[in-house]
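Below are the chains, spelled out letter by letter.
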Amino acid sequence: MAVHPAVPLNDAPVTDRPAGPVAVRASGLSRAFDGRGILHDIDLEIRQGEFVVLLGRSGSGKSTLLRILARLDAEFDGELRVPDRPSVAFQDSRLLPWNRVIDNVTLGLTDKDAKRRAAELLAEVGLADRARAWPKTLSGGEAQRAALARALIREPELLLMDEPFGALDALTRIRMHRLLRTLCERYRPGVLLVTHDVDEAVLLADRILVLTDGRVSLDLTVDLPAAGRRHTQEFTDLRTRLLTELGVEDDDQ
Amino acid sequence: MLVALWFVATSAGWVDARTLASPAAVWDAAQRLLETGQLQDNLLVSLQRAMTGLAIGVTVGVVLALVSGLTRVGEFLLDANLQMLRSMPILALVPLAIVWFGIGEEVKILLVSLAVMFPIYLNTHAAVRGVDSRFVDLASTVGLGRIALVRRVILPGALPGFFTGLRFSVAIAWLVLVVSEQINASSGIGYLMTQARNIGQTDVIMVGLVVYALLGLISDTLVRLLERKALTWQSTLQSR
Ligand SMILES: Nc1ncnc2c1ncn2[C@@H]1O[C@H](COP(=O)(O)OP(=O)(O)OP(=O)(O)O)[C@@H](O)[C@H]1O
Ligand SMILES: [Mg+2]
């Protein structure tokens, strides 16, 4: 995709970060499986440098939407403009078990420089000494970090993640959140992160979308400082609001 | 266990030496055969046949498995036919093959190849088909083309299945070779045994059996070693 000239967003003024060129533009996106409608008429725009979190209950169609944006599913209706090659991080790290970590990171790259950049990125995610390891010997968190390195080495205009931290323990997850924010600040892709963890959404997002029965039922710009969010009143308010939107009573106030 | 029983049974005179030679007699026979060079010569011939048949059968099996595993046309044309033929006992073909092709060298190699091809085909085909579709998704998101997909994802993913097939194949190769050598050959270990049978030399027959057992054992070990080497990425899990 050619880089689009910046078009002003209709609503949602982007917070502390300047809006980059548009990374995703979808309008009227619908998807049905065997006549059963899963996504209905979805409009979506994500800019480079913008961190969008997609929340939704199980079965609301989050993964379906992500697969469409990842160009893994072409059988949708509506209009869609995405980069030729968005990077994707899946819930399972999806490292090829028969390739060493570094060769997983460079998978699909043909330039001579790839190995060097991969080594750099692995160092950045704290895996410098595991570059030659087999994926089966990595811990869950290490594997996800390797997958993140694989996604970022392509310097994507768009980074799509489907519950990338779903399988990690709480501690590792916090460290992964920090790492992800740092890396996204540096590489500034447009990000769409799918999760059903409300805290994760409020901690990371510039913007939060809630998907309910295949429709975007809420589109919120998060106007909170990048660091130390958890201790603000807005955090709690936003959290409660999102839980209500998802149909869960927030009982631990 | 079995060897011990054999030893006791023959040396205690429970079994007639003409029915079952004692280990000592077999040892003598083996030395006799080695001195005359009969054992080496026939072993070499058998080994050559097995290797040639194995090489051809494995190659053909892998190629067929890839064609039918990766292309729709191939699947349609090949798979149903091969799946149907697989239940056919190859050994039953031996007499027919002799009638058709005579007793030349090619027949034995052909039979071995054919027998070897099936396990290779079936296991490799299933493995190619069974490559996790999530990896195929991944390949497409990192922009691997069709050839790179086969080389980086499908072939390595199917390798464990291929090795399962290879171990079956090696065992079957010897089996088919013995039988076809016993029925129609003028050289090879199977021939040596048939000759011995005709003149009632059970010790020589036993030598043949031992040689076959050793060949089977050695070749299986070799395949396992090869497998371990090729699948290092997998062994890390097993060795824990
Ligand atoms: N290939 C498919 N064929 C048929 N139905 C499908 C297919 N993929 C998804 N669906 C259906 O679409 C609906 C949405 O699925 P999707 O995976 O997008 O949900 P999700 O929001 O990601 O849920 P979760 O949070 O549990 O991952 C589900 O009801 C699912 O059964
Ligand atoms: Mg999902």
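No experiment lies behind these values; they were computed from the predicted model shown.

## Section: the overall build of chain B
Here comes step 1: Scanning chain B from N- to C-terminus turns up 11 helices and zero strands.
Here comes step 2: Secondary structure of chain B in N-to-C order comes out as α-α-α-α-α-α-α-α-α-α-α.
Here comes step 3: For chain B, the C-alpha atoms occupy an extent of roughly 70 × 50 × 30 Å along the three principal directions.
Here comes step 4: A buried classification covers 43% of the 240 residues belonging to chain B.

## Points about the environment of L72 of chain A
Here comes step 1: Within the element layout of this structure, L72 of chain A appears in the loop between α1 (62–69) and β4 (77–81).
Here comes step 2: If sequence neighbours within four positions are ignored, L72 of chain A has contacts with R67 and F90 of chain A together with D137, S140 and T141 of chain B.

## Things to note about the interface of chain A and chain B
Here comes step 1: Taken together, the contact pairs 21 residues of chain A with 19 residues of chain B.
Here comes step 2: With both chains or domains summed, chain A and chain B bury close to 2000 Å², and 66% of this area falls on carbon and sulfur atoms.
Here comes step 3: Ranking the residues of chain A by area buried against chain B places R94, W98 and K136 of chain A at the top, with a combined share of 35%.
Here comes step 4: Linking R67 of chain A and D137 of chain B is a salt bridge whose minimum nitrogen-to-oxygen distance equals 2.7 Å.
Here comes step 5: Counting across the interface, chain A meets chain B through six residue pairs in polar contact (both at pLDDT 80 or more).
Here comes step 6: For the side of chain A that touches chain B, the per-class residue count stands at 10 nonpolar, three polar and eight charged.

## Structural notes on the packing of aromatic side chains
Here comes step 1: By the definition in use, this model includes three aromatic pairs over all chains.
Here comes step 2: A ring pair is formed by W98 of chain A and W233 of chain B, whose centres lie 5.5 Å apart and whose planes are at 70 degrees; its orientation type is edge-to-face. Here W98 of chain A, found in the loop between β5 (87–89) and α2 (101–105), pairs with W233 of chain B, found in helix α11 (residues 232–238), and the two come from separate chains.
Here comes step 3: With centroids separated by 5.5 Å and ring planes inclined at 70 degrees, the aromatic side chains of F162 of chain B and F163 of chain B adopt a geometry described as edge-to-face. Take F162 of chain B and F163 of chain B: they sit in the same class, and that class is buried.

## Examining a nonpolar patch on the surface
Here comes step 1: A cluster of nonpolar side chains, namely V210, L214, L217, I218, L222 and L225 of chain B, defines an oily patch on the protein surface of about 570 Å² accessible area.
Here comes step 2: Along the chain, the position of L225 of chain B falls in helix α10 (residues 202–230).

## Regarding the site of ligand 1
Residue and element names in this part refer to chain A.
Here comes step 1: Residues in contact with ligand 1 amount to 13 residues; listed here are only the nearest, R36, S58, K62, S63 and T64.
Here comes step 2: Note that an oxygen atom of ligand 1 is positioned 3.2 Å from one of the backbone N or O atoms of S60.
Here comes step 3: For ligand 1, whose accessible area on its own is 630 Å², the fraction buried by protein is 63%.
Here comes step 4: Broken down by secondary-structure element, the contributors of at least two residues to the shell around ligand 1 are β2 (36–47) and α1.
Here comes step 5: By residue number, the principal contributor to the shell around ligand 1 is α1, which donates three residues.
Here comes step 6: Along the lines of polarity and charge, the residues of the shell around ligand 1 split into two nonpolar, seven polar and four charged.

## Some points on helix α5 (residues 170–187) of chain A
All names here are of chain A.
Here comes step 1: Between the first and last C-alpha of α5 there are 25 Å, a value that for 18 residues agrees with the 26 Å anticipated at 1.5 Å per step.
Here comes step 2: Listed as buried for α5 are R173, M176, H177, L179, L180, R181, L183 and C184.
Here comes step 3: Along its buried surface, α5 packs onto β3 (51–56), α3 (114–124), α4 (140–152), β6 (158–162), β7 (190–195) and α6 (198–204).
Here comes step 4: Here α5 starts with a cap whose side-chain oxygen sits 3.2 Å from the backbone nitrogen of L171, and that cap is D169.

## Re the packing of helix α6 (residues 105–129) of chain B against helix α8 (residues 146–183) of chain B
Residues and elements named next belong to chain B.
Here comes step 1: Their axes nearest at 7 Å, the elements α6 and α8 cross at an angle of 155 degrees. What the angle tells us is that α6 and α8 run roughly antiparallel. In terms of crossing hand, the pair formed by α6 and α8 is right-handed.

## Points about unusual backbone geometry
Here comes step 1: Unusually for a residue other than glycine, E163 of chain A sits at a positive phi of about 45 degrees.
Here comes step 2: Mapped onto the elements, E163 of chain A comes out in the loop between β6 and α5.

## A short note on the sheet that holds strand β1 (residues 22–33) of chain A
Residue and element names in this part refer to chain A.
Here comes step 1: The three strands are arranged β2-β1-β4 in an open sheet whose pairing can be described as antiparallel. Edge positions in the sheet fall to β2 and β4, since each has one partner strand and no second. Recorded for the sheet is a direction-independent mean angle of 10 degrees between the axes of neighbouring strands.

## Focus on the pairing of β2 of chain A
Residues and elements named next belong to chain A.
Here comes step 1: When β1 meets β2, the two strands line up antiparallel, connected through eight bridges. For A26, the partnering residue across the bridge sits in β2 and is L44.
Here comes step 2: Linking β1 to β2, which pair antiparallel, is a turn of two residues; within it D34 sits at a positive phi near 50 degrees.

## Examining the pairing of β7 of chain A
All names here are of chain A.
Here comes step 1: A large share of β7 lies buried, amounting to six of its six residues.
Here comes step 2: Relative to β7, β3 runs parallel, the two being bridged by five bridges. Residue pairing for β7: V52 is matched across the bridge by L192.
Here comes step 3: Bridging between β6 and β7 involves five bridges; their strand directions are parallel. Bridge pairing in β7 links M161 to L193.
Here comes step 4: Crossover handedness for the path β6 to α5 to β7: right-handed.

What counts, and at which threshold
Residues numbered from 1 in each chain as written. Chains lettered and ligands numbered in written order. Predicted model: local features only at pLDDT ≥ 70, side-chain atom pairs only at ≥ 80, totals over all residues. Heavy atoms only, no water. Helix = DSSP H or I, 4+ residues; strand = E, 2+ residues; numbered from the N terminus. Buried < 20%, exposed > 50% of the residue type's maximum accessible area, 1.4 Å probe, protein only. Contact = heavy atoms within 4.5 Å. Buried area = accessible area lost by both parts, 1.4 Å probe. Salt bridge = Lys/Arg side-chain N within 4 Å of Asp/Glu carboxyl O. Polar contact = N/O pair within 3.5 Å; in protein donor to acceptor, adjacent residues only side chain to side chain. Nonpolar A, V, L, I, M, F, W, Y, C, P; charged D, E, K, R; others polar. Phe/Tyr/Trp six-rings, centres within 6.5 Å; stacked < 30°, edge-to-face > 60°. Patch = residues over 30% accessible without salt bridge, like charges linked within 9 Å, V, L, I, M, F, W, Y side chains within 5 Å. Areas by Shrake-Rupley, 256 points an atom, 1.4 Å probe, with all protein chains shown as cover. Near = heavy atom within 4 Å. Expected span 1.5 Å × (residues − 1). Axes fitted to C-alpha atoms, helices over the stretch in contact; angles between N-to-C directions. Parallel < 35°, antiparallel > 145°, perpendicular 65-115°, else oblique. Left-handed = near helix turned anticlockwise from the far one by under 90°. Pairing = 2+ DSSP bridges. Right-handed = clockwise from strand over helix to strand, strands pointing away.

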